[in-house]
Structure formats: C-alpha cells, structure tokens
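# Coordinates in review
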Amino acid sequence: MAWYAYCIAEKQAFPELLRHRKPIPMETVSGIAGNQVFLYPASDLAVIVSEHSSEDNLNDRAAVEHARVIADCFKSSTVLPFRFGTVFTDDESLRRSVRSNQRQFLTNIDRLRGKAEMHLKVVLDDCCREQLRAYGLHPHGNAETGREYLAQLRENATRQRERQTKARAVSVQMHRMFAPLAEEVSCRRTDSGKMLLDIAHLIDNKCVERYQNKYSSASQMMKDCQMQLSGPWPPYHFVHRLTTRHATTHHVAPIAQA
C-alpha cells in the first residue's frame with residue numbers, strides 16, 4: 001500500500017499510539033480527496049499519512065488540503081512538514097526513510113518545539129521608477145540609439161542596486177522591530193513595478209499576541225508600505241530539508257502561503 005505523507009510529529013503528543021504498533025486513524029481529520037488520515041508509529045515519531053492511489057489528483061486543491069492537515073496536527077504537536085506530493089510506495093520505504101533520517105528529525109523537533117512561524121508581506125514602491133521616467137527610459141522599451149541603450153543599461157543597474165539597498169534597509173528595520181528567533185527573507189519585483197518583501201519569522205508560541213501588537217505598531221509607523229500579516233503557522237521555512245530518499249515526490253506547484 002502506498003502512503004501519502006503530510007508531516008512528522010512527536011509520538012508522545014498522541015497517547016493513543018502508545019498502545020499500538022500499527023497505523024491508527026485520526027477520526028477528526030480528513031486528508032487529500034477526503035481520504036482517511038492515519039498516525040503511523042515509527043520509533044519515537046509519528047508520521048501523518050493517508051492511503052494513496054495513483055488516481056489521486058495532486059492539484060491546487062490538494063495542496064490546500066495538504067496544508068490543512070499539517071495545520072490540524074500543529075495544534076497538538078511540533079510538526080516537520082513534508083514537501084507537497086511526497087508519497088512512500090509501501091510500508092518498508094516509509095520505515096526505512098524514518099530510520100535513516102531519525103536523528104535529523106528528532107533534532108529538528110527539539111529545535112522547533114514550542115515555536116511558530118509568522119508571515120509578513122511588505123510591499124514597497126519602486127525607488128527609482130520616477131528617475132527612469134524622467135530619462136524617458138523603460139526596462140522593456142526599445143532604445144533607438146547605441147547611446148540610449150547604454151544609458152538604459154546604466155539606469156537599470158542603478159535601479160537594481162537601489163532596490164536591493166532599500167529592501168535590505170526595510171528587512172533590517174523589520175528584524176529590529178520584531179526581534180524574531182530566526183528569519184527567512186526573500187525579495188522580488190511585482191508585475192506592477194513594486195517590490196515585495198516576503199518575510200518569515202520564527203517566534204515562541206507564547207509571544208504570538210506580542211508579535212501581533214508589534215505588527216500593529218509597525219503598520220502605523222510605516223504608512224508608505226503596504227503590510228500583511230498571517231499566522232501562526234507550522235514552521236515551514238525553518239525545517240531543514242526533509243530527506244525523502246525512499247519516497248516519490250511528484251512535481252507539482254508548491255503551496256501558496258497566505
């Protein structure tokens with residue numbers, strides 16, 4: 001039987017597993033395509049799985065269901081999410097993967113116990129757009145002469161440096177405001193020409209309300225930015241890559257975090 005894997009959890013968080021060596025159903029949780037979710041005991045860990053068929057459609061809706069199962073388990077245990085689309089072909093491949101990665105799994109659970117992820121999105125106006133317009137140059141425009149083309153290259157390079165400088169400054173400011181235990185930051189330009197800072201902060205579960213209050217203060221201080229907060233989430237960005245050497249990972253679109 002093939003198993004679809006959602007996450008690794010602490011066995012001790014599920015007392016019912018102490019009396020069982022075989023997978024037992026989680027009565028209140030349904031998985032992808034409505035499949036029954038099971039607690040699969042593996043040494044000191046529990047693997048959250050559901051039966052998998054090759055006919056199961058791992059589409060965008062399935063990605064949302066995958067995230068929902070992990071979020072449900074996160075309410076009662078530290079979790080290490082598997083990448084969406086991870087399938088173990090049989091019981092032996094699942095057990096073998098847990099055995100070969102057990103030390104890593106246990107280390108990560110200890111490191112992340114009692115912690116949660118908060119997710120910030122900060123939208124910034126492009127810092128050089130007006131300067132470029134003043135020169136009559138556009139990143140995707142057609143330069144009519146060699147001189148204009150070289151000027152456009154220089155302006156684009158300047159624009160990129162200024163964008164990166166501004167993003168770093170805002171990222172440092174966010175770090176100082178929220179003082180997270182750890183952070184993951186990415187930056188990209190949107191289709192509208194603005195910058196999007198995508199920031200994941202790792203915090204103590206007990207500090208969620210304090211973090212939310214800091215967010216309210218930051219929103220008032222940085223009125224020139226558009227800010228959006230979500231969480232608490234399972235610590236997706238702070239789990240070391242889960243080795244799925246004995247599993248099959250289908251190539252599907254990743255989950256879109258809110």
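Residues numbered from 1 in each chain as written. Predicted model: local features only at pLDDT ≥ 70, side-chain atom pairs only at ≥ 80, totals over all residues. Heavy atoms only, no water.

### Topic: the overall build of the protein
The following threshold applies: Each helix is a run of DSSP H or I of at least 4 residues and each strand a run of E of at least 2, with the numbering of both proceeding from the N terminus. Under the scheme applied here, a residue whose accessible area is under 20% of the maximum for its type counts as buried, over 50% as exposed, and between as partly exposed, the area being computed with a 1.4 Å probe on protein chains only. A contact between two residues is defined here by any heavy atoms of the two lying within 4.5 Å. Only the protein chains shown count as cover for residues, and all accessible areas are computed by the Shrake-Rupley method using a 1.4 Å probe.
Looking only at helices and strands, one finds five helices and eleven strands in the protein. Residues classed as buried in the protein amount to 42% of the 258 residues present. Of all intrachain contacts in the protein linking residues separated by at least 6 positions in sequence, the fraction that spans at least 24 positions is 74%. As displayed, the protein has an accessible area near 14500 Å², and 48% of this comes from carbon and sulfur atoms.

### Considering the pattern of salt bridges
Under the convention used in this document: Basic side-chain nitrogens of Lys or Arg form a salt bridge, by our definition, when they fall within 4 Å of a carboxyl oxygen of Asp or Glu.
Scanning all chains against the criterion turns up seven salt bridges. Between Arg96 and Glu92 there is a salt bridge, with the nearest N and O atoms lying 3.8 Å from each other. In this pair, Arg96 and Glu92 both sit in helix α2 (residues 91–112), four residues apart, roughly one turn of the helix. Measuring nitrogen to oxygen at the nearest pair gives 3.2 Å for the salt bridge that ties Glu92 to Arg99. Relative accessible area serves as the criterion here: at 34%, Glu92 is assigned to the partly exposed category. What emerges from the salt-bridge pattern is a single network uniting Glu10, Asp110 and Arg113.

### Focus: the pairing of strand β9 (residues 195–204)
Quick reminder of the rule: When DSSP finds at least two bridges between two strands, those strands are taken to pair.
For β9, the tally of buried residues reaches eight of ten residues, placing the bulk of the element in the interior. When strand β7 (residues 115–124) meets β9, the two strands line up antiparallel, connected through ten bridges. The residue bridging Ala116 from the neighbouring strand is Ile203, located in β9. Relative to β9, strand β8 (residues 182–189) runs antiparallel, the two being bridged by eight bridges. Among the inter-strand pairings, Ser186 is bridged to a residue of β9, identified as Asp198.

### Describing the confidence of the model for the protein
To be explicit about the condition: Each residue carries a pLDDT value, the predictor's own confidence for that position, ranging from 0 to 100.
Counting all residues, the mean pLDDT for the protein is 80, and 78% of those residues have values of 70 or more. When pLDDT is averaged over each element of the protein, strand β5 (residues 79–81) comes out on top at 94 and helix α3 (residues 129–135) at the bottom at 41. Confidence over residues 127–141 falls short of pLDDT 50; this stretch has 28 contacts with residues more than four positions distant or in other chains.

### Observations regarding helix α5 (residues 208–221)
So the rule is basically this: Residue count minus one, scaled by 1.5 Å, sets the expected span of a helix. Note that the arc is defined by the directions from the helix axis to the C-beta atoms.
Under the 1.5 Å per step criterion, the end-to-end length of α5 is 20 Å for 14 residues, consistent within 8% with the ideal 20 Å. Along α5, the residues classified as buried are Val208, Tyr211, Tyr215 and Ala218. Here the buried residues of α5 occupy an arc of 75° about the axis, which is enough to place them on one side. Facing away from the buried side of α5 by more than 90 degrees, the exposed set consists of Glu209, Arg210, Gln220 and Met221.

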